[in-house]
There are 2 protein chains.
Amino acid sequence: MAAEVICVGTELLLGDILNSNSQYLAKELAELGVPHFYQTVVGDNIDRVHQAIEIAANRSSILIFTGGLGPTPDDLTTESISSYFNTPLVEHSEVIADIQQKFAQSGRVMTPSNRKQALQPAGADLLPNPAGTAPGMIWQPRAGLTIFTFPGVPREMQRMWRDTAVPFLKTQGYGQSTIYSRSLRFFGIPEAALAEKVNHLFNSANPTVAPYAGKGEVRLRISARAANEAEANALIEPIAQEIKQIAGVHYYGEDEDTLASVVGGLLKAKGQTLSVAESCTGGGLGQMLTDIPGSSEYFMGGVISYANRVKIDLLDVNAEDLAAEGAVSEIVARQMAAGVKTKLRTDWGVSITGVAGPGGGTDTKPVGLVYIGIASPNGNVEGIKYQLSSQRERELIRRMSASQGLNLLRQRLQIGD
Amino acid sequence: MAAEVICVGTELLLGDILNSNSQYLAKELAELGVPHFYQTVVGDNIDRVHQAIEIAANRSSILIFTGGLGPTPDDLTTESISSYFNTPLVEHSEVIADIQQKFAQSGRVMTPSNRKQALQPAGADLLPNPAGTAPGMIWQPRAGLTIFTFPGVPREMQRMWRDTAVPFLKTQGYGQSTIYSRSLRFFGIPEAALAEKVNHLFNSANPTVAPYAGKGEVRLRISARAANEAEANALIEPIAQEIKQIAGVHYYGEDEDTLASVVGGLLKAKGQTLSVAESCTGGGLGQMLTDIPGSSEYFMGGVISYANRVKIDLLDVNAEDLAAEGAVSEIVARQMAAGVKTKLRTDWGVSITGVAGPGGGTDTKPVGLVYIGIASPNGNVEGIKYQLSSQRERELIRRMSASQGLNLLRQRLQIGD
């Protein structure tokens, strides 16, 4: 019993919108263990929707439609399905009442075209849409074939899917075991290098281990199929421990953790405070830190010292050192970190100065050269040099620089000072 | 002569990746004026790829495949196409040489499995892949049917598409007229309110006008079909002028413009400088400003005054006012803006203080309450209050606050001081 996803909408064929519904449904079907071999996109055209049904109904037993349930003449998914199966449409008065009520709530009056949304093939069951006006349906037009329709708006579709399709599929025997996943997060190690170290785990069947890379960091996702979360965790935990052991200092967190949230947790646990001095990142490090609700407990603020004069005036960077070594130098990074720590009276000070590009690079200081300064509670002040690839875009160099600063601070917080 | 997109990859059916290739190709086909009625996703399975070919080849004359060109046993797009048309695969020695060279450049040795990538059906023309190891092909297995294959990696696929498929389609008579678009950008007006004002333009056929909303701002895209850019501009320009006239101060830029780039251009034109004082945005405003290459010409830096003590110590905010009115207040916003302008010796100072949530809101100062301070070159200091929806997420409240600050500064720079 395979399921097939059919997304209806000329806007998809024009490339006006990204088809995120098909990914969402694919993931859901995979988690429930429902086989799923084809996806189709077809425009708002009755003949072509008929053809898509003809093909899909002959190879799959569950057809999942999204899109084309709106009030306009373009929206003809329901009409196409009922005419393909020679079944008349019937009007559901409770849908009209529901639409009228929703319009009234927002002070609007229902238009005649909305009546269309109350029509469903005779014999179909309504799928209520709590978040919009277009209901869907679940219908068995013939033995062994079940059809679902959902609106194209992802938020509405997803809620209706969870509320109606998932319970139905469970009654059909699916979803008795579910896939549970845990992501481990790493920083400072390339995907290929990490993959090589844990290569022996990639052939594991349950749980599976798969690498993902992006935004300068790497994740390993461990996925277990099990009847419940406790059983899944029993499968996942030993693999997670082994990977953490292998990855060492490069491992920094799980699932929704970010470098900023991990740093925040460590600072809170130690009762310590932090300030930042930013040049090439221009505020990006502060923004990452304050993305975390409650960060005011440990993050006091900082200085965006984009111009050299600000480095001197607000951070007490030595003007002669600045002139001699340049703004992108180890000594300036150290003075910025020490300066912001002193000025903001915090336990830690982290600074970033670098060449983000695309212009401004020289032979000795190319685009991608970054110095991170770290002033520690014990008075120690370090300056660490990085050379990111000059080929990278300004945005990525800036984000990598800020992440690098957080990662260095994390390592120092973890080993103690 | 219709084109059909067939994306091959079990990872798409598992929902592991979003199918952005089908959107890219849809948009490209629409711009070239190539009819396009169906898209299919099928897994890495020869029988099912055969079935997809059978269906598509009977209703379309151009089949565009993406994915399944890699070196692993899973990758079987080329094999499936050649076996469907009973055509033997032949090895292209120039592809092997190319792969060997690419591996050598990165210090690796070509594996035997890569040889597979040099196989193409007899009679097919190679499509070189400058950005990867997997070449594609263009092949006419029978009269009236043209098949393209591209790798699944979007960057590689897109480059090969532009270099090879587009020129081919132009020789077939497509793309003689092309769609040219211009986006107009607005801030500070809801999509529905703007749409109402320009409602009479939405029925226009050439150019068309369509609204897009996202990330707190609104765009109107004007698209004209024309033989060349000059003709398109002649169609677009009067509509653009009319819309700008109607939208007034809410219009801020075109196409790739951002509020930060527009503010930067205005500051550069006036030879003026800017500094920022950020509380709830934590560096986000500085980051937006420094996203723009060359922003060091006018952006000097700022103070992230997350803690109240930093507002007092570094920005000379009055401690008594702070205690009496609270950090999120008009007077503190004004003192922050004036303070940073003075401390950093800039022409303009912009400040932001607000309640980003999710915690920290009170009855009198709910989540979403934001004050923007603007200190102008003439000595004038304003404090402007905004109440964003408390229901919005922390991230959006922070981004909207920073954008609001840029937008207020833009308006002041445009009307002069």
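The rules behind the values
Residues numbered from 1 in each chain as written. Chains lettered and ligands numbered in written order. Predicted model: local features only at pLDDT ≥ 70, side-chain atom pairs only at ≥ 80, totals over all residues. Heavy atoms only, no water. UniProt positions renumbered as here; feature names shortened; annotations may be inferred. Helix = DSSP H or I, 4+ residues; strand = E, 2+ residues; numbered from the N terminus. Expected span 1.5 Å × (residues − 1). Bend = angle between axes of the 7 residues up to and from the residue. Buried < 20%, exposed > 50% of the residue type's maximum accessible area, 1.4 Å probe, protein only. Contact = heavy atoms within 4.5 Å. Buried area = accessible area lost by both parts, 1.4 Å probe. Salt bridge = Lys/Arg side-chain N within 4 Å of Asp/Glu carboxyl O. Polar contact = N/O pair within 3.5 Å; in protein donor to acceptor, adjacent residues only side chain to side chain. Nonpolar A, V, L, I, M, F, W, Y, C, P; charged D, E, K, R; others polar. Pairing = 2+ DSSP bridges. Least-squares fit on C-alpha atoms with pLDDT ≥ 70 in both. Domains from an automatic or database assignment. Axes fitted to C-alpha atoms, helices over the stretch in contact; angles between N-to-C directions. Parallel < 35°, antiparallel > 145°, perpendicular 65-115°, else oblique. Left-handed = near helix turned anticlockwise from the far one by under 90°. Phe/Tyr/Trp six-rings, centres within 6.5 Å; stacked < 30°, edge-to-face > 60°. Lys NZ or Arg CZ within 6 Å of the ring centre and 35° of its normal.

- If you check an unreviewed UniProt entry, chain A appears there as CinA-like protein from Chamaesiphon minutus.
- Per its UniProt entry, chain A bears the Sequence similarities (unreviewed entry) comment "Belongs to the CinA family."

### Some remarks on helix 6 (residues 154–171) of chain B
All names here are of chain B.
Phase 1: Across its 18 residues, helix 6 extends 24 Å between first and last C-alpha, which sits within 8% of the 26 Å expected from 1.5 Å per residue.
Phase 2: At W161, helix 6 shows its strongest bend, of approximately 40°.
Phase 3: Listed as buried for helix 6 are E156, M157, M160, W161, T164, A165, V166, F168 and L169.
Phase 4: G173 sits one or two residues past helix 6 and shows a positive phi near 100°.

### Here's the deal with the interface of chain A and chain B
Phase 1: Listed as interface residues are 60 residues of chain A and, on the opposing side, 60 residues of chain B.
Phase 2: Taking both partners together, chain A and chain B bury about 5,000 Å²; carbon and sulfur atoms supply 53% of that area.
Phase 3: Inspection of the region where chain A meets chain B yields six salt bridges.
Phase 4: Between R345 of chain B and D313 of chain A there is a salt bridge; the shortest N-O distance is 2.5 Å.
Phase 5: Put simply, chain A and chain B have 38 residue pairs in polar contact (both at pLDDT 80 or more) between them.
Phase 6: It is strand 2 (residues 36–42) of chain A that provides the largest number of residues to the side of chain A that touches chain B, a total of seven residues.
Phase 7: Its residues placed into classes, the side of chain A that touches chain B shows 26 nonpolar, 21 polar and 13 charged.
Phase 8: Where strand 2 of chain A and strand 2 (residues 36–42) of chain B come together, five bridges link them in antiparallel fashion.

### Description of the relation of the copies chain A and chain B
The two chain copies are connected by a rotation around an axis plus a translation along it.
Phase 1: It takes a turn of 180° to lay chain A on chain B, together with a shift of 0.5 Å along the axis; the resulting RMSD is 0.6 Å. These values place the two chain copies in the arrangement generated by a two-fold rotation axis. For chain A, the residue whose C-alpha comes nearest the rotation axis is G283 of chain A, separated from it by 2.0 Å.
Phase 2: Interface overlap between copies is the fraction of interface residues in one copy that are interface residues in the other; for chain A against chain B it reaches 100%, indicating a shared surface.

### Describing helix 4 (residues 77–84) of chain B
Since there are 3.6 residues in each turn of an α-helix, residues three or four apart along the chain are aligned in direction.
Phase 1: Residues T77, T78, S80, I81 and S82 of chain B constitute the buried set of helix 4 of chain B.
Phase 2: Just beyond helix 4 of chain B, the residue with positive phi is N86 of chain B, at close to 50°.

### Re the domain arrangement of chain A
Phase 1: In terms of domain boundaries, chain A breaks down into domain 1 (3–171), domain 2 (178–254) and domain 3 (259–415).
Phase 2: One C-alpha centre belongs to domain 1 of chain A, the other to domain 3 of chain A; they are set 52 Å apart.

### A short note on unusual backbone geometry
Phase 1: In this model, N206 of chain A is joined to P207 of chain A through a cis peptide bond whose omega is 5°.
Phase 2: Mapping P207 of chain A onto the fold places it in the loop between helix 7 (191–197) and strand 10 (208–214).
Phase 3: Here the phi dihedral of N86 of chain B falls at roughly 50°; this positive angle occurs in a residue that is not glycine.
Phase 4: Look at N86 of chain B and you get exposed, because its relative accessible area is 70%.

### Considering the pairing of strand 17 (residues 381–387) of chain A
Residue and element names in this part refer to chain A.
Phase 1: Here strand 16 (residues 369–375) pairs with strand 17 via seven bridges, running antiparallel. For L369, the partnering residue across the bridge sits in strand 17 and is Q387.
Phase 2: In sequence, strand 16 turns back onto strand 17 through a hairpin of five residues, with G379 there showing a positive phi of about 95°.

### Examining the packing of helix 3 (residues 46–57) of chain B against helix 4 of chain B
Residue and element names in this part refer to chain B.
Phase 1: Running from N to C, helix 3 and helix 4 point in directions that differ by 60°, and their axes come no closer than 9 Å. The orientation of helix 3 with respect to helix 4, classified from their angle, is oblique. When the axes of helix 3 and helix 4 are compared, the crossing they make is right-handed. For the pair helix 3 and helix 4, the contacting residues are I46, V49, H50, I53 and E54 in the first and E79, S80, I81, S83 and Y84 in the second.
Phase 2: Looking at the contact of helix 3 with helix 4, its residues break down into five nonpolar, three polar and two charged.

### Section: the environment of F65 of chain A
All names here are of chain A.
Phase 1: Note on placement: F65 falls in strand 3 (residues 62–66).
Phase 2: Classification of F65 as buried rests on a relative accessible area of 0%.
Phase 3: The sequence separation of F65 and T78 amounts to 13 residues, and the corresponding C-alpha distance is 9.5 Å.
Phase 4: In this view, F65 contacts I6, V8, V49, I53, T77, I81, I147, F148, T149 and F150; residues no more than four positions away in its chain are not counted.

### As for the environment of L409 of chain B
Phase 1: Relative to the helices and strands, L409 of chain B is located in helix 14 (residues 394–415).
Phase 2: Once you skip the residues sitting within four places of it in the chain, L409 of chain B turns out to touch V263, L274, W348, V350 and I374 of chain B.

### Some points on the packing of aromatic side chains
Phase 1: Going through the model one piece at a time under the given rule, you end up with 14 aromatic pairs over all chains.
Phase 2: For the ring pair F148 of chain B and F150 of chain B, a centre distance of 6.0 Å and an interplane angle of 10° mean the geometry is stacked.
Phase 3: A relative accessible area of 0% means that F148 of chain B is categorised as buried.
Phase 4: These aromatic residues form a ring-pair network of at least three members: F148, F150, W161 and F168 of chain A.
Phase 5: Across from the ring centre of Y38 of chain A, 3.5 Å away, lies the NZ or CZ of R59 of chain A, which sits over that ring.

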